[in-house]
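Results of the structural survey
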Amino acid sequence: MTMASAPARPQSRSALKRTFERYPFLPALIILVVLIVLNGWFQPRSLSFVGITGLIKTYLALMLLAVAQTYVIYAGDIDLSAGAIVSLVNVVVVGFMAQWGGDGLTILAALGLGLATGLACGLVNGIVVAALRLQAIVATFATSIFFTGLALYIQPVAGTPAPTLFWRTYGGRILDIPFVFYVVVAFAILLVVLVRTRLTLRLLAVGDGQQEAFQSGLPVTAVRIGGYALCGVFAALAAFCITGDTASGDPLVGGKMTLFSIAAVVLGGSALAGGYGTVVGSVIGALIIGFINSLVFFVGTPSEWQNLVQGLAILLALMAGVLVGRGARA
Amino acid sequence: MSDAATPSHSPAAAARIVEFAKQPLVVALILVAALLYLGETLSPGFASGQQIMRLLIVAALLGIVAAGQNLVVLGGREGIDLSVGGVVSLSAIVAGNLMAGENAGIPLAIVACIATGALFGLFNGIGVTLLRIPPLVMTLGMLGVLQGLLVVIRQGIPSGRAAPGLADFVSQPFLFGVPGILWLWVVIGLLMAFLLGRTVFGHRIYAIGSNEQAAYMAGVPVKAARIALFVLSGVFAAIAGICLLGYSGSSFANVGEQYMLPSIIAVVFGGTPLSGGKGGYTGTMAGALLLVILQSILVTINIDESGRQMVFGITLLVLMLFYGRGRSMRA
């Protein structure tokens with residue numbers, strides 16, 4: 001699918017183009033910097049320590065979900081159930097925390113169970129798409145309906161509170177540093193480790209050309225299932241952040257996040273067709289969405305116009321990202 | 001014909017029957033019949049004339065949206081239109097406000113809605129062809145814009161009412177005891193069959209859908225054709241939005257969202273693969289009917305919402321197994 005960009009690479013390429021090719025998230029980074037400057041211009045306090053902490057607290061879940069989506073898109077697939085997995089893990093975690101008491105150990109046990117749930121959902125998606133060879137868009141839509149049903153079964157209505165210890169920790173500070181910063185560091189280390197794994201490389205190879213990957217001996221089906229499994233695990237991590245942020249269980253909390261996660265991946269310069277992209281770009285993409293939303297608020301847009309301006313800004317950013325990215329690569 | 005059709009044990013005849021039964025349209029129709037039978041056994045009266053008429057009306061709404069989706073998917077190059085749900089909602093609101101319960105406002109509402117749908121389709125088409133943004137990305141971004149626009153127009157209050165004439169068109173018998181919307185669906189079905197099978201434009205759709213490069217070499221105006229597909233998708237979604245207003249009486253928040261992904265599933269169940277280039281609308285009509293009957297059966301049987309969704313999700317997956325699956329890898 002990326003054939004068009006492959007042939008006839010001229011010998012003399014400008015250094016700029018080489019840089020863009022090496023770091024496909026550069027256009028996104030530029031957009032992000034502009035947005036940060038504008039945010040600071042219109043509301044200096046938004047760039048204060050407290051302001052940044054708040055933004056990270058709110059958008060950490062979307063960053064994680066965008067990363068989740070990236071691994072699937074690497075292989076040229078897509079996961080429309082990512083948001084439903086977030087909802088399911090959210091109610092599972094909150095449900096078990098409430099049932100088991102809510103002290104430190106039971107919280108960890110519930111989180112472990114949440115990770116297992118995410119992994120299981122990812123495996124289901126992988127098997128349905130890669131092993132049963134159904135079309136990813138419609139098949140993961142079907143599984144999203146199933147996961148949402150499961151979440152509604154576990155907790156029919158929103159509102160079960162998460163234990164105080166859990167959300168206090170997420171929103172609080174350790175050694176005077178907000179807890180979310182530790183999460184960000186841990187997340188960064190995890191991503192660095194994952195970039196170096198064989199699975200990431202294989203996902204990209206499969207996305208670049210499934211047939212070729214198969215012919216060079218890659219277990220294509222297993223690799224694609226692996227991508228979905230990784231997506232499920234990261235969706236579970238995103239659910240933990242949502243739970244920490246909202247401090248309650250809601251069987252529909254993640255539904256709206258799916259399309260934003262896909263937008264974030266595209267904003268980050270990854271190709272939807274697969275075989276090309278970075279997780280860093282997706283994190284930047286999620287931050288772009290976050291900063292657009294806060295900027296629209298800070299410039300004083302009337303409340304009923306905010307959604308429209310956000311929608312337009314995201315559409316323009318998506319188009320700009322695709323165009324600049326292609327121009328730089330061509 | 002006669003000797004082939006007799007139940008002889010010749011493998012050729014058996015193969016032909018299997019080949020016939022594997023056509024997506026036939027699969028969909030068999031499933032529709034089976035589901036109607038199942039519904040009737042689960043709750044007597046499910047397959048009564050009145051009930052079937054109601055199912056057909058709901059299916060027509062989905063089917064009209066799916067017509068546009070079908071065209072975009074047929075055009076290939078990952079063609080998909082995620083913005084249809086937004087256009088349906090927008091059209092319903094615009095129509096409701098323009099007619100405000102008066103029959104006199106219907107013509108203006110129809111013209112305005114179709115123009116709106118065409119305009120957003122045009123934006124999508126331009127983004128996809130001239131700027132070469134992937135359709136999924138372009139229409140996803142457009143969906144966000146449309147949802148924002150809905151908030152602006154609505155200003156938080158439900159507004160707009162269907163004119164009585166429109167409501168009658170959707171739900172009251174019009175000709176031979178069949179409501180107007182079903183006649184409209186039949187006409188759309190015939191037009192689509194004519195368009196795809198008999199016109200130059202129809203052949204071009206299949207050409208760009210199966211091999212864009214070859215179509216371009218053969219002189220097909222690829223970009224213009226693809227823009228036209230997106231415009232038509234917007235127009236069909238707008239028509240569905242007007243009909244939806246007539247069905248529900250007044251327009252409320254995001255009524256169209258429920259059509260976004262189901263319209264894609266109806267297309268797939270109708271035998272048009274998402275890779276495009278083959279398939280048609282007749283199958284999609286059956287696919288839309290299939291989806292609606294399935295949902296209706298789940299409402300009939302006495303389980304709560306969670307169980308209903310789980311069963312619906314699994315059933316969709318099982319049904320997908322009947323349709324074209326991807327090729328298995330061969331060395």
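A quick note: this is a predicted structure, and the numbers were derived from the prediction, not measured. (Residues numbered from 1 in each chain as written. Chains lettered and ligands numbered in written order. Predicted model: local features only at pLDDT ≥ 70, side-chain atom pairs only at ≥ 80, totals over all residues. Heavy atoms only, no water.)

To continue, consider the packing of helix H5 (residues 84-99) of chain B against helix H6 (residues 106-129) of chain B. Residues and elements named next belong to chain B. At a closest axis distance of 9 Å, the pairing of H5 and H6 adopts a crossing angle of 155 degrees. For the element pair H5 / H6, the angle class is roughly antiparallel. Here H5 runs over H6; the crossing is right-handed. Packed against H5, whose contacting residues are Val87, Leu90, Ser91, Val94, Ala95, Leu98 and Met99, the element H6 presents Ile106, Leu108, Ala109, Ala112, Cys113, Thr116, Gly117 and Phe120 at the interface. Class assignment of the residues belonging to the contact of H5 with H6 gives a composition of 12 nonpolar, three polar and no charged. (Axes fitted to C-alpha atoms, helices over the stretch in contact; angles between N-to-C directions. Helix = DSSP H or I, 4+ residues; strand = E, 2+ residues; numbered from the N terminus. Parallel < 35°, antiparallel > 145°, perpendicular 65-115°, else oblique. Left-handed = near helix turned anticlockwise from the far one by under 90°. Contact = heavy atoms within 4.5 Å. Nonpolar A, V, L, I, M, F, W, Y, C, P; charged D, E, K, R; others polar.)

Glancing now at the interface of chain A and chain B. Between chain A and chain B, the contact holds 44 residues from the first and 49 residues from the second. With both sides pooled, the region where chain A packs onto chain B buries about 4,100 Å², and carbon together with sulfur makes up 77% of that total. In terms of surface lost to chain B, no three residues of chain A exceed A:Arg133, A:Gln135 and A:Val138, which account for 15% of the buried area on that side. Counting across the interface, chain A meets chain B through zero salt bridges. There are one residue pair in polar contact (both at pLDDT 80 or more) connecting chain A and chain B. Here the side of chain A that touches chain B gets 13 residues from one element, more than from any other, and that element is helix H6 (residues 136-154) of chain A. When its residues are assigned to classes, the side of chain A that touches chain B shows 31 nonpolar, nine polar and four charged. (Buried area = accessible area lost by both parts, 1.4 Å probe. Salt bridge = Lys/Arg side-chain N within 4 Å of Asp/Glu carboxyl O. Polar contact = N/O pair within 3.5 Å; in protein donor to acceptor, adjacent residues only side chain to side chain.)

Glancing now at a nonpolar patch on the surface. Together, A:Ile30, A:Val34, A:Leu38, A:Trp41, A:Phe42 and A:Val299 make up a nonpolar patch on the protein surface, roughly 610 Å² of accessible area in all. Mapping A:Trp41 onto the fold places it in helix H2 (residues 26-42). (Patch = residues over 30% accessible without salt bridge, like charges linked within 9 Å, V, L, I, M, F, W, Y side chains within 5 Å. Areas by Shrake-Rupley, 256 points an atom, 1.4 Å probe, with all protein chains shown as cover.)

Okay, unusual backbone geometry next. The general pattern is negative phi for most residues beyond glycine and trans for most peptide bonds. All names here are of chain B. One non-glycine residue, Arg77, lies in positive phi territory at about 50 degrees. Arg77 sits in the partly exposed class, given a relative accessible area of 35%. Residues other than glycine seldom take positive phi values, yet Arg132 does so here, at roughly 55 degrees. Position of Arg132 among the secondary structure elements: in the loop between H6 and helix H7 (135-154). (Buried < 20%, exposed > 50% of the residue type's maximum accessible area, 1.4 Å probe, protein only.)

Here the focus is the pattern of salt bridges. With the rule as written, the count across this model stands at two salt bridges over all chains. Note that A:Arg224 is salt-bridged to A:Asp77, the shortest N-O span being 2.9 Å. One end of the pair, A:Arg224, is in helix H11 (residues 220-246); the other, A:Asp77, is in the loop between helix H3 (49-74) and helix H4 (82-100), with 147 residues separating them in the sequence. With relative accessibility at 12%, the residue A:Arg224 sits in the buried group. With a shortest N-O distance of 3.3 Å, B:Glu305 and B:Arg308 are connected by a salt bridge.

Per-residue confidence for chain A gives a mean pLDDT of 83, with 94% of residues at or over 70. Every residue in residues 1-11 of chain A is under pLDDT 50, and counting partners more than four places away or in other chains gives six contacts. (pLDDT = per-residue confidence, 0-100.)

A few words on helix H5 (residues 104-131) of chain A. In this model, H5(A) (28 residues) spans 39 Å end to end at C-alpha, consistent with the 40 Å of a helix rising 1.5 Å per residue. Looking one or two places after H5(A), you find A:Arg133, whose phi comes out positive at around 60 degrees. (Expected span 1.5 Å × (residues − 1).)

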